[in-house]
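# Observations on the model geometry
Next come the chains, spelled out residue by residue.
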Amino acid sequence: MKASSINTAEPAPTLMTFFTRFEADILAGKKTITIRDGSESNYLPGSTVTLATHESGRVFGQAKILTVTPILFSALSNLHAEQENMSLDELKQVITDIYPSEQQLFVVSFQHIVKA
Ligand SMILES: CC(=O)Nc1cc[nH]c(=O)n1
């Protein structure tokens with residue numbers, strides 16, 4: 001993402017939540033990206049975020065944000081699916097379930113650095 005397109009109006013988030021079903025893949029280093037909508041696109045590359053479950057808020061680790069890249073739903077590829085540790089069909093279904101009819105999305109890549 002270009003520096004000029006980073007939203008500096010709000011502080012970068014320090015918490016990233018995931019559905020519990022994704023936790024094991026993240027801790028195993030098998031899921032290295034997350035695809036979010038515009039409301040969760042303000043992560044700052046280089047920053048460290050706390051990882052917690054969406055359902056209960058249980059903290060399960062920390063990660064370093066590497067990149068935040070805009071992407072259209074129609075441009076999701078097998079590379080994204082690999083980085084999510086799922087097939088492309090699965091990934092498209094997951095994203096459609098979470099963000100119905102959202103075209104503009106953001107790929108947030110991260111490195112899991114600490115297990116809680
Ligand atoms: C809580 C939540 O929205 N979690 C998501 C959303 C998109 N991708 C993902 O890996 N996790």
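Residues numbered from 1 in each chain as written. Predicted model: local features only at pLDDT ≥ 70, side-chain atom pairs only at ≥ 80, totals over all residues. Heavy atoms only, no water.

With an unreviewed UniProt entry as reference, the chain is termed N(4)-acetylcytidine amidohydrolase, source organism Rheinheimera salexigens. Looking at the chain in UniProt, the text filed under Sequence similarities (unreviewed entry) is "Belongs to the N(4)-acetylcytidine amidohydrolase family." What UniProt states about the chain under its Function (unreviewed entry) heading is, verbatim, "Catalyzes the hydrolysis of N(4)-acetylcytidine (ac4C)." (UniProt positions renumbered as here; feature names shortened; annotations may be inferred.)

### So, the UniProt feature "domain: ASCH" (unreviewed entry) in the chain
The feature "domain: ASCH" (unreviewed entry), as annotated in UniProt, sits at residues 16-114 in this numbering. For residues 16-114, the end-to-end C-alpha separation is 14 Å, with 22% helix and 38% strand making up the annotated structure. (Helix = DSSP H or I, 4+ residues; strand = E, 2+ residues; numbered from the N terminus.)

### A look at the UniProt feature "active site" (unreviewed entry) in the chain
Following the UniProt record, the feature "active site" (unreviewed entry) maps to Lys31, Thr34 and Glu84 here. The annotated residues occupy 54 residues of the chain but converge on a single region, no pair of C-alpha atoms lying more than 7.9 Å apart. Checked against the element boundaries, Lys31 lands in the loop between helix H1 (23-27) and strand E2 (33-36). For Lys31, a relative accessible area of 3% corresponds to the buried category. When near neighbours in sequence (up to four residues on either side) are disregarded, Lys31 contacts Phe18, Phe22, Asp25, Ile26, Gln83, Glu84 and Phe110. (Buried < 20%, exposed > 50% of the residue type's maximum accessible area, 1.4 Å probe, protein only. Contact = heavy atoms within 4.5 Å.)

### A short note on the pattern of salt bridges
One side chain can pair with another of opposite charge once the charged atoms of both are near each other. According to the stated counting rule, one finds 3 salt bridges in the structure shown. Ionic pairing is found between Arg36 and Glu40, a salt bridge with its closest N-O pair at 2.8 Å. Relative accessible area serves as the criterion here: at 22%, Glu40 is assigned to the partly exposed category. (Salt bridge = Lys/Arg side-chain N within 4 Å of Asp/Glu carboxyl O.)

### Some remarks on the site of the ligand
Around the ligand, the surrounding shell consists of Thr17, Phe18, Phe19, Phe22, Lys31, Thr34, Ile35, Arg36, His54, Ile98 and Tyr99. Within the side chain of Lys31, a nitrogen or oxygen atom sits 2.6 Å from an oxygen atom of the ligand. The separation between a nitrogen atom of the ligand and a polar side-chain atom of Arg36 is 3.1 Å. Those elements that provide at least two residues to the shell around the ligand are strand E1 (15-18) and E2. Take the shell around the ligand: its biggest share by element is 3 residues, from E2. Residue composition of the shell around the ligand, grouped by class: 6 nonpolar, 3 polar and 2 charged. (Near = heavy atom within 4 Å. Polar contact = N/O pair within 3.5 Å; in protein donor to acceptor, adjacent residues only side chain to side chain. Nonpolar A, V, L, I, M, F, W, Y, C, P; charged D, E, K, R; others polar.)

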